[in-house]
Amino acid sequence: MPELDAVVEALKSAFPDAIEDVLVFRGDTTVTVSRERLLDICRFCRDTEGLEYNFLSDVAGVDYYPAEPRFGLAYNLYSMPRNASLRLKVMLPGDDPTVDSVTPVYPAANWQEREYLDLLGITFNGHPDPRRILLPDDWEGHPLRKDYPLGYETVQFSFNYDEITKHKPLAQK
Amino acid sequence: MTTVPEQYEWEESLQSLKNLVSERALTGETMVLNMGPQHPSTHGVLRLAIELDGETVVNCIPDIGYLHTGIEKNMESKKYEGALVMTDRMDYLNNMGNNLAYCLAIEKLAELDVPIRGQYLRVIGAELTRINSHLVWLGTHAMDIGAMSLFLYCFRERERILDMFEMISGQRMMTSYIRPGGVWRDITPDFLPTLRGFLNDFPRRIDEYETLLTNNPLWRDRTQGIGYVSLDDALAMGCTGPTLRGSGIAWDIRKAMPYSAYDQFDFDVPVGQNGDVYDRYMVRVEELRQSVRILNQAVEKLPDGPFRSNNRKYVPPPRSELGRSMEAVIHHFKLWTEGFRPPKGEV
Amino acid sequence: MGVGQKLGDLGVVTVRLEDAVNWARTNAMWPMLFGLACCAIEMMSTQASNYDMSRFGMELNRPSPRQSDLMIVAGRVARKMAPVLRQLYDQMPDPKWVLSMGDCASCSGVFNNYALVQGVDEIVPVDVYVAGCPPRPEQLIHGIITLHERVKQERFDYWYEKERA
């Protein structure tokens, strides 16, 4: 993919110390960047002639527990004029999962970031509306973290019938 | 019951929205009204805090999560094959589309091949699901605006599609028909005649819907110029599909990055100009026609051959092999107890 | 049968009060729209032309709990939705019934996790459970007929007990 190589070269020359890793796998390019420069790199990707990544398709958050750095955030950028996509990835340490919000550059990131604020507990600096989005406001914990239990409930059989029935006082009408 | 006076409670909830509503709402000039989560026109459970200036909505604060199901968390603890049934239930009107996206990701990761008949069957499934989904949209949208009869017509056609789904997969809605490496089973002999009959009737039905709506002054009054999304906004907010095309950019993922043999079909991408509700309606109705066109080509050109990949590391062997081959039994056992293990990577 | 009878002059019909009341209740049992997920789409199918729930006097789906008798909980109930559901149930006037439609509402089905209420019977009393993921319209109609049969057998002493409780 010569075209994407040019993109990576452009990124490398513009931000020589911020590009941590470049990975090409099954035709997808993933560029791992440092979290301090993420916002600048996003702005560069959107505004530079020849890159024009004008569309943020998705933000994906991963918990690599127990590895360190623990959290990964992948920003999937897409360029409509050039029909090309690029994945920017930023790794965050487990004890301080903080990153700059890219909402000023891509407004589409607003809810996506709120989702990871909610489910992974990542703090986004400069986010216009940092509230929980999916869960109730008084929820404790961040469910998509690997150390959060699934909340599994055992199936009711005859041997544990009474135990389960206790949770359902209204079932026996 | 709490002893907090009602007025105080209301003031407090307004203060919590302070950064989200305009100054006029805090002074009481505009009214903040709650809508949902249980409301007849919120198909899907959604709460909106709406700021009204008279009858005009000037601001809207959506509150989602009333249907948060924790599917990601559940899928983490399942095998690849087992997690497929979850994808059906994510967008329950577009079940095969979700199956397809999930299977395409697995196939890309595992470099799994899909036979050409499997790809065509996937296209048939995906396009039927598109028609199905658009029909529910059209019926309920018209019902919300006040045209109740369209709801009955749309669901009449939808039942025919659901019958076809039942024919090929055994379920009406949660089909799980598209599997990694192809589709679950080959189509039954009576599927293609039924589909042909449907494709024969359906264009006339679309005309019927259009006679009811397209030039109807009531419909036009309530859709034209409403819900305007400019092209820049649509791109910045990450809109896709008919919402993006309604704003005037001819971008379709089936054309831009063709998957599953979509490059072998001839179809147009409908585009709107004004970016309002009416244009999005026109785009979707035209998509119904284009789907019929794709389906006609798929039925015409449907190739023979296998419908699912032969890679036994990922695809369980058919029943007929189990009685003859020891290897098939081992593969079967491994796949249904451990599942498959694609290589590590990110796609 | 004379002309008078055909015109509605049936004379005097004696019937037990329980039967008359239950007949009235079952033949115009207005359901409340409580569509939550996939099952809601099947519930809509049940009301649409092919299955036509108005055969059972249920074509009026009331959006307001104050006007409805039967709550069809169609779909998965998230923890965030649970207080809303209970509040709506409390707003419904007596007599009221709850039909839990689908696996998710009955026991949360395939989604056995933190986000969902594990069966809607944890928050409201349920009269009829309909299994299936999602149930076919026929199954829902069967559930409704089961409920009707149950309501038809209600007796005065049962109403009194309910009042006292």
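Data block above holds the structure.
Residues numbered from 1 in each chain as written. Chains lettered and ligands numbered in written order. Predicted model: local features only at pLDDT ≥ 70, side-chain atom pairs only at ≥ 80, totals over all residues. Heavy atoms only, no water.

**Side note on the overall build of chain B**
Here is the rule we go by: Helical segments are the DSSP runs of H or I of at least four residues, strand segments are the runs of E of at least two, and each set is numbered from the N terminus. Each residue gets one of three labels from its accessible area relative to the maximum for its type: buried under 20%, exposed over 50%, partly exposed in between, using a 1.4 Å probe on protein chains only. Computed by Shrake-Rupley with a 1.4 Å probe, the accessible areas treat only the displayed protein chains as cover when residues are assessed. Under the convention used here, Asp and Glu are negative, Lys and Arg are positive, and both His and the chain ends fall outside the count. For the purpose of locating charges, the reference atoms are NZ of Lys, CZ of Arg, CG of Asp and CD of Glu.
Helix and strand counts for chain B stand at 15 helices and 5 strands. If you line up chain B on its principal axes, its C-alpha atoms span 80 × 50 × 40 Å. Looking at chain B as a whole, 51% of its 347 residues are labelled buried. Per element, the accessible surface of chain B, about 16,700 Å² overall, is 53% carbon and sulfur. For chain B, the centre of its 38 positive side-chain charges and the centre of its 47 negative side-chain charges are spaced 9 Å apart.

**Quick notes on the overall build of chain C**
Within chain C, the regular secondary structure consists of 7 helices and 4 strands. The linear arrangement of helices and strands in chain C, starting from the amino end, is α-α-β-α-β-α-β-α-β-α-α. Its C-alpha atoms give chain C principal-axis dimensions of roughly 65 × 45 × 25 Å. Split into buried and exposed, the 165 residues of chain C put 53% on the buried side.

**Here's the deal with the packing of helix α8 (residues 191-213) of chain B against helix α13 (residues 277-301) of chain B**
All names here are of chain B. Formally: Here an axis means a line fitted to C-alpha atoms, over the contact stretch when the element is a helix, while the angle between two N-to-C directions is reported on a 0 to 180 degree scale. Each angle receives one of four descriptions, namely roughly parallel if under 35 degrees, roughly antiparallel if over 145, roughly perpendicular if within 65 to 115, and oblique otherwise. Left-handed describes a crossing whose near helix is turned anticlockwise from the far helix through less than a right angle; right-handed describes the clockwise counterpart. By the convention used here, residues are in contact when the closest approach between their heavy atoms is within 4.5 Å. Just so you know the grouping, Ala, Val, Leu, Ile, Met, Phe, Trp, Tyr, Cys and Pro go in nonpolar, Asp, Glu, Lys and Arg go in charged, and all remaining residues, Gly too, go in polar.
α13 packs onto α8 with a crossing angle of 160 degrees between their chain directions and a minimal axis gap of 10 Å. Relative to α13, the element α8 lies roughly antiparallel. Crossing hand, α8 versus α13: left-handed. Note on element contacts: α13 touches α8 through Tyr281, Met282, Val285, Leu288, Arg289, Val292, Leu295, Asn296 and Val299, opposite Leu192, Leu195, Arg196, Leu199, Phe202, Pro203, Ile206, Asp207, Tyr209, Glu210 and Leu213. Counted by class, the contact of α8 with α13 contains 15 nonpolar, 1 polar and 4 charged residues.

**Here's the deal with a nonpolar patch on the surface**
Our working rule: Two joining distances apply to patches: 9 Å for like charges and 5 Å for nonpolar side chains (Val, Leu, Ile, Met, Phe, Trp, Tyr), and every residue must have over 30% relative accessible area and no salt bridge. A side-chain nitrogen of Lys or Arg and a carboxyl oxygen of Asp or Glu constitute a salt bridge if their distance falls within 4 Å.
A cluster of nonpolar side chains, A:Tyr152, A:Val155, A:Phe157 and A:Phe159, forms an exposed patch at the surface whose accessible area comes to about 510 Å². For A:Tyr152, the location among the structural elements is in the loop between β7 (123-125) and α4 (161-167).

**A closer look at the sheet that holds strand β2 (residues 70-74) of chain C**
Residue and element names in this part refer to chain C. Cut-off, in case you're wondering: In this scheme, strands are said to pair when DSSP sees at least two bridges between them.
Ordered by their spatial adjacency, 4 strands build an open sheet running β1-β2-β3-β4, and the pairing between neighbours is parallel. One side of each edge strand has no neighbouring strand; the edge strands of this open sheet are β1 (31-32) and β4 (128-130). Both strand β3 (residues 97-101) and β4 contribute to a ladder of 3 bridges, which runs parallel. Residue pairing across strands places leucine 99 opposite valine 128, the latter belonging to β4. Sitting on the sheet, helix α4 (residues 82-91) touches β1, β2 and β3, and the angle it makes with β2 is about 165 degrees.

**What to know about the packing of helix α6 (residues 116-145) of chain B against helix α7 (residues 148-169) of chain B**
Residues and elements named next belong to chain B. As a packed pair, α6 and α7 sit with axes 8 Å apart at the nearest point and diverge in direction by 160 degrees. Taken as axis vectors, α6 and α7 run roughly antiparallel relative to one another. Read as a crossing pair, α6 and α7 show a hand that is left-handed. Here Gly125, Leu128, Thr129, Ile131, Asn132, Leu135, Val136, Leu138, Gly139, Ala142 and Met143 of α6 lie close against α7, whose contacting residues are Met148, Leu150, Phe151, Cys154, Phe155, Glu157, Arg158, Ile161, Leu162, Met164 and Phe165.

**What about the packing of aromatic side chains?**
Using the following cut-off: Stacked, tilted and edge-to-face are the three classes assigned to paired rings of Phe, Tyr and Trp, where Trp is represented by its six-membered ring and a pair needs centres within 6.5 Å; plane angles under 30 degrees give stacked, over 60 edge-to-face, the rest tilted. In our convention, an over-ring charge means Lys NZ or Arg CZ found within 6 Å of a ring centre and within 35 degrees of that ring's normal.
Within this structure, the stated rule accounts for 16 aromatic pairs over all chains. Where A:Trp139 meets C:Tyr114, the ring centres are 6.1 Å apart and the plane angle is 70 degrees; that geometry is what we call edge-to-face. In this pair, A:Trp139 is assigned in the loop between β7 and α4 and C:Tyr114 in the loop between α5 (102-107) and β4, connecting two distinct chains. Of the two residues, A:Trp139 and C:Tyr114, both sit in the buried class. An aromatic cluster of at least three residues, connected via ring pairs, comprises B:Tyr120, B:Tyr259, B:Tyr262, B:Phe265 and B:Phe267. Its end group placed over the ring of B:Tyr66, C:Lys80 keeps NZ or CZ at 4.9 Å from the ring centre.

**So, the sheet that holds strand β2 (residues 47-53) of chain B**
All names here are of chain B. An order of β1-β2-β3 is seen for the 3 strands of this open sheet, with the pairing classed as antiparallel. Both edges of this open sheet fall to β1 (31-35) and β3 (56-63), since each of them pairs with a single strand only. Looking at each pair of strands side by side, their axes are set apart by 25 degrees on average, direction ignored. Where β2 lies against β3, 7 bridges are found, and the strand directions are antiparallel. Its bridge partner being in β3, aspartate 53 is matched across the sheet by threonine 56.

**Comments concerning the pattern of salt bridges**
As enumerated under the stated definition, the model contains 46 salt bridges over all chains in all. The salt bridge involving B:Asp304 is made with B:Arg117; its shortest N-O contact spans 3.7 Å. Placement of the pair is B:Asp304 in the loop between α13 and α14 (319-322) and B:Arg117 in helix α6, with a sequence separation of 187 residues. Between C:Asp90 and C:Arg86 there is a salt bridge; the shortest N-O distance is 3.1 Å. Here C:Asp90 and its partner C:Arg86 are both found in helix α4, 4 residues apart, which amounts to about one turn of the helix. Among the ionic contacts, a cluster of salt bridges with common partners joins B:Glu127, B:Arg130, B:Arg245, B:Asp252, B:Arg254 and B:Glu287.

**What to know about the interface of chain C and chain A**
What counts, and what does not: By buried area we mean how much accessible surface two parts lose on assembly, using a 1.4 Å probe and totalling the loss over both. A 3.5 Å cut-off defines polar contacts: any pair of N or O atoms within that distance qualifies, except that in protein one atom must be a possible hydrogen donor and the other a possible acceptor, and neighbouring residues in sequence count only when both atoms are side-chain atoms.
At the junction of the two partners, chain C supplies 20 residues and chain A supplies 17 residues. Interface area, chain C with chain A, both sides summed: about 1,500 Å², of which 55% is carbon and sulfur. By the criterion of area lost to chain A, the three top residues of chain C are C:Lys80, C:Asn112 and C:Tyr114, representing 41% of everything that side buries. Across the chain C-chain A interface, the total number found is 0 salt bridges. One can count 1 residue pair in polar contact (both at pLDDT 80 or more) joining chain C with chain A. A class-by-class count of the residues in the side of chain C that touches chain A yields 7 nonpolar, 5 polar and 8 charged.

**With respect to the nonpolar core**
Definition in use: What we call a nonpolar core is a set of buried Ala, Val, Leu, Ile, Met, Phe, Trp, Tyr and Cys residues that are connected through their side-chain atoms within 4.5 Å.
Formed by 102 residues in total, the largest nonpolar core has its most connected members in B:Leu128, C:Met71 and C:Val73. Within the second largest apolar cluster, 46 residues are counted, among which are A:Val7, A:Leu77, A:Tyr106 and C:Ala115.

The values reported here are purely geometric and, on their own, carry no functional implication.
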